[in-house]
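# Summary of structural features
Listed below, chain by chain, are the residues.
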Amino acid sequence: MLVLQPVANAQSRPPRDPPPAPTAPRTADALAKERINAWTVGLAGGLVEGAPLRLAAEIARVVNEEDKLHVIPIVTTGATENVNSLLYLRGVDAAIINTDALDEYKAQVPGIERRIAYVLNLFPAELHVFVRPEIKSLDDLKGKKVNFNTQGTAAAYSGPLIFSRLGLNVEKLFIPHQVALQQMKSGEIAAVVFITSKPVDAFLKGRWDDGFKFLPIEYDVRFEDYYLPSFLDAKDYPNLVPNGTRIATIAVPTILAAYNWQPQTDRYRRMARFVDHLFGRLDRLQSAGFDSKWKDVNLRAGVPTLTRFGPAQEWLDHSPSATVGLSR
């Protein structure tokens with residue numbers, strides 16, 4: 001028994017974990033995958049033919065830097081989907097949205113102002129109400145067919161809201177604008193409503209018979225909460241607006257928004273680097289080869305009802321004289 005006891009004690013002990021297997025060296029492919037994903041930022045833009053996606057692509061051209069930042073512009077159905085994507089879609093850290101799109105979400109998503117912050121106030125998207133020759137005024141549109149583009153776009157959301165404020169009860173259509181413009185020429189549709197940064201190629205490059213025109217929309221107290229006064233003139237549409245004429249309209253402010261990630265998280269760090277690259281290189285966007293409206297962007301312009309994303313505010317606090325892009 002004395003001889004067997006040590007053996008019995010040895011068998012009663014819990015077995016030891018086997019030594020860890022040697023870690024296989026990471027392959028070049030695995031390292032490349034890790035490197036390219038480390039600083040990737042998803043930026044929801046909009047429709048292929050819309051100005052927001054073009055802006056997103058231009059931002060990516062300027063801020064992307066190998067192994068340091070990789071911004072991916074994402075095609076979406078427009079401003080409304082961009083808010084959904086920013087709130088719920090994995091991989092989306094930032095989005096270009098219209099400010100009035102947030103109004104509906106305040107009831108549906110309590111505390112949305114804490115979940116979304118603004119990075120930059122971009123420039124406004126102008127309202128274009130384009131009508132057939134027999135339409136002389138906004139009142140002539142009552143009961144007529146008016147197209148607001150496909151659901152999810154800025155026109156499909158903001159257009160009916162603006163028409164409601166104007167007291168215009170029309171037969172609303174939501175079909176692609178390319179189709180609606182052809183139906184408008186044949187007389188099936190009385191008007192189309194675009195909400196996008198001017199000029200719009202469909203009006204700038206399209207051929208239109210005499211009498212097709214933009215209707216004026218006067219800015220007043222009904223639009224003071226979310227909108228801005230603007231105009232269309234011959235510089236925008238030389239074939240549709242006579243020289244020396246300005247057609248009053250309103251505009252929807254467009255902003256670059258971010259999901260309000262918590263500090264010290266991986267997504268927060270990515271967005272902080274994105275902000276640093278964007279703010280530090282804004283002057284490149286204001287040079288030749290980019291949308292001319294970048295020249296009107298002011299880094300310090302605020303956005304009502306929203307707070308600025310933390311890293312963006314910190315960048316401005318450390319650059320007290322910055323109003324436009326400063327290369328560093």
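Analysis parameters
- Residues numbered from 1 in each chain as written.
- Predicted model: local features only at pLDDT ≥ 70, side-chain atom pairs only at ≥ 80, totals over all residues.
- Heavy atoms only, no water.
- Axes fitted to C-alpha atoms, helices over the stretch in contact; angles between N-to-C directions.
- Helix = DSSP H or I, 4+ residues; strand = E, 2+ residues; numbered from the N terminus.
- Parallel < 35°, antiparallel > 145°, perpendicular 65-115°, else oblique.
- Left-handed = near helix turned anticlockwise from the far one by under 90°.
- Contact = heavy atoms within 4.5 Å.
- Nonpolar A, V, L, I, M, F, W, Y, C, P; charged D, E, K, R; others polar.
- Buried < 20%, exposed > 50% of the residue type's maximum accessible area, 1.4 Å probe, protein only.
- Polar contact = N/O pair within 3.5 Å; in protein donor to acceptor, adjacent residues only side chain to side chain.
- Expected span 1.5 Å × (residues − 1).
- Pairing = 2+ DSSP bridges.
- 1 Å grid on protein atoms, 1.4 Å probe; cavity = no way out; pocket = protein on both sides within 12 Å on 5 of 7 lines; lining within 4 Å.
- Points joined across faces, edges and corners; volume = space filled by probe spheres on them.
- Right-handed = clockwise from strand over helix to strand, strands pointing away.
- pLDDT = per-residue confidence, 0-100.
- Salt bridge = Lys/Arg side-chain N within 4 Å of Asp/Glu carboxyl O.
- Core = buried A, V, L, I, M, F, W, Y, C linked by side-chain atoms within 4.5 Å.

## Focus: the packing of helix H4 (residues 79-88) against helix H5 (residues 101-108)
With their axes 10 Å apart at the nearest point, H4 and H5 run at an angle of 45° to one another. The pairing of H4 with H5 is recorded here as oblique in orientation. In this structure, H4 meets H5 at a crossing whose hand is right-handed. Contacts between H4 and H5 pair Thr80, Val83, Asn84 and Leu87 from the former with Ala101, Leu102 and Tyr105 from the latter. Here the residues of the contact of H4 with H5 sort into five nonpolar, two polar and no charged.

## Remarks on the side chain of lysine 198
Within the element layout of this structure, lysine 198 appears in the loop between strand E8 (191-196) and helix H9 (201-204). Of the residues examined, lysine 198 reaches a relative accessible area of 14% and is grouped as buried. One polar contact links the side chain of lysine 198 to the main-chain carbonyl oxygen of phenylalanine 231, over a distance of 2.5 Å. Not counting chain neighbours up to four residues away, the residues in contact with lysine 198 comprise Glu126, His128, Ser230, Phe231, Leu232, Asp236, Tyr237 and Lys293.

## Details of helix H3 (residues 51-63)
The terminal C-alpha atoms of H3 lie 19 Å apart, and with 13 residues this matches the ideal 18 Å at 1.5 Å per residue to within 8%. Taken together, the buried positions of H3 are occupied by Ala51, Leu53, Leu55, Ala56, Glu58, Ile59, Ala60, Val62 and Val63.

## Thoughts on the sheet that holds strand E2 (residues 70-75)
Reading across the sheet, the five strands line up as E2-E1-E3-E12-E4 and stay open at both edges, with mixed pairing between neighbours. Because the sheet does not close on itself, it has two edges, and the strands there are E2 and strand E4 (116-121). Averaged over neighbouring strand pairs, the angle between their axes works out to 30° when direction is ignored. Pairing geometry for strand E1 (residues 40-46) and strand E3 (residues 92-98), over three bridges, is parallel. Counted as the bridge partner of leucine 43 is alanine 94 from E3. Contacting E1, E3, E4 and strand E12 (254-259), H4 crosses the sheet at an angle of about 155° to E3.

## Focus on the layout of surface pockets
Of the pockets and cavities examined, the largest pocket occupies roughly 790 Å³. Together, 40 residues line the largest pocket, and Glu49, Gly50, Ala51, Pro52 and Thr196 are the ones closest to its centre. Taken together, the elements giving at least two residues each to the lining of the largest pocket come down to E1, H3, H4, E3, helix H7 (154-166), helix H8 (177-185), E8 and H9. In terms of residue count, H3 provides more of the lining of the largest pocket than any other element does, four residues in total. The residue inventory of the lining of the largest pocket, partitioned by class, reads 18 nonpolar, 15 polar and seven charged. Each pocket or cavity is described by its volume, and for the second largest pocket that value is around 380 Å³. Contributing to the lining of the second largest pocket are 23 residues, with Asn121, Leu228, Pro253, Gly302 and Pro304 lying nearest its centre. Split by residue class, the lining of the second largest pocket holds 13 nonpolar, five polar and five charged.

## Details of the pairing of E2
Relative to E2, E1 is paired through six bridges, and the arrangement is parallel. Bridge pairing in E2 links valine 41 to valine 71. Note on the crossover from E1 through H3 to E2: the handedness is right-handed.

## A word on the confidence of the model for the chain
Within the chain, residue pLDDT values average 88, and 90% of them lie at 70 or more. Counting interchain partners and residues more than four positions distant, the pLDDT-below-50 stretch residues 1-15 has zero contacts.

## Here's the deal with the pattern of salt bridges
Within the structure shown, the criterion is met by 13 salt bridges. For glutamate 65, the salt bridge is made with arginine 281, and the minimal N-O distance between the two is 2.6 Å. Here glutamate 65 is found in the loop between H3 and E2, whereas its partner arginine 281 is found in the loop between helix H10 (266-280) and helix H11 (282-285), with 216 residues between them in sequence. Its relative accessible area of 27% is what places glutamate 65 among the partly exposed residues. By relative accessible area, arginine 281 is classed as buried at 14%. Between aspartate 139 and lysine 142 there is a salt bridge, and its shortest N-O distance comes to 3.5 Å. When salt bridges with common partners are traced through the structure, they connect Glu65, Lys68 and Arg281 into a single cluster.

## Things to note about the nonpolar core
Ranked by internal contacts, the top residues of the largest apolar core, which has 35 residues, are Leu120, Leu256, Phe274, Phe279 and Trp294. Excluding residues that lie within four positions of it along the chain, leucine 120 makes contacts with Ile255, Leu256, Leu278, Phe279, Trp294, Val297, Asn298 and Leu299. Grouped together as the second largest cluster of nonpolar side chains are 28 residues, Ala125, Leu141, Leu168 and Val193 included.

## Quick word on the environment of aspartate 210
With respect to the helices and strands, the residue aspartate 210 is situated in the loop between H9 and strand E9 (213-214). In this structure aspartate 210 comes out as exposed when scored by relative accessible area, which is 76%. Distance in space between the C-alpha atoms of aspartate 210 and leucine 240 is 8.7 Å, their sequence separation being 30 residues.

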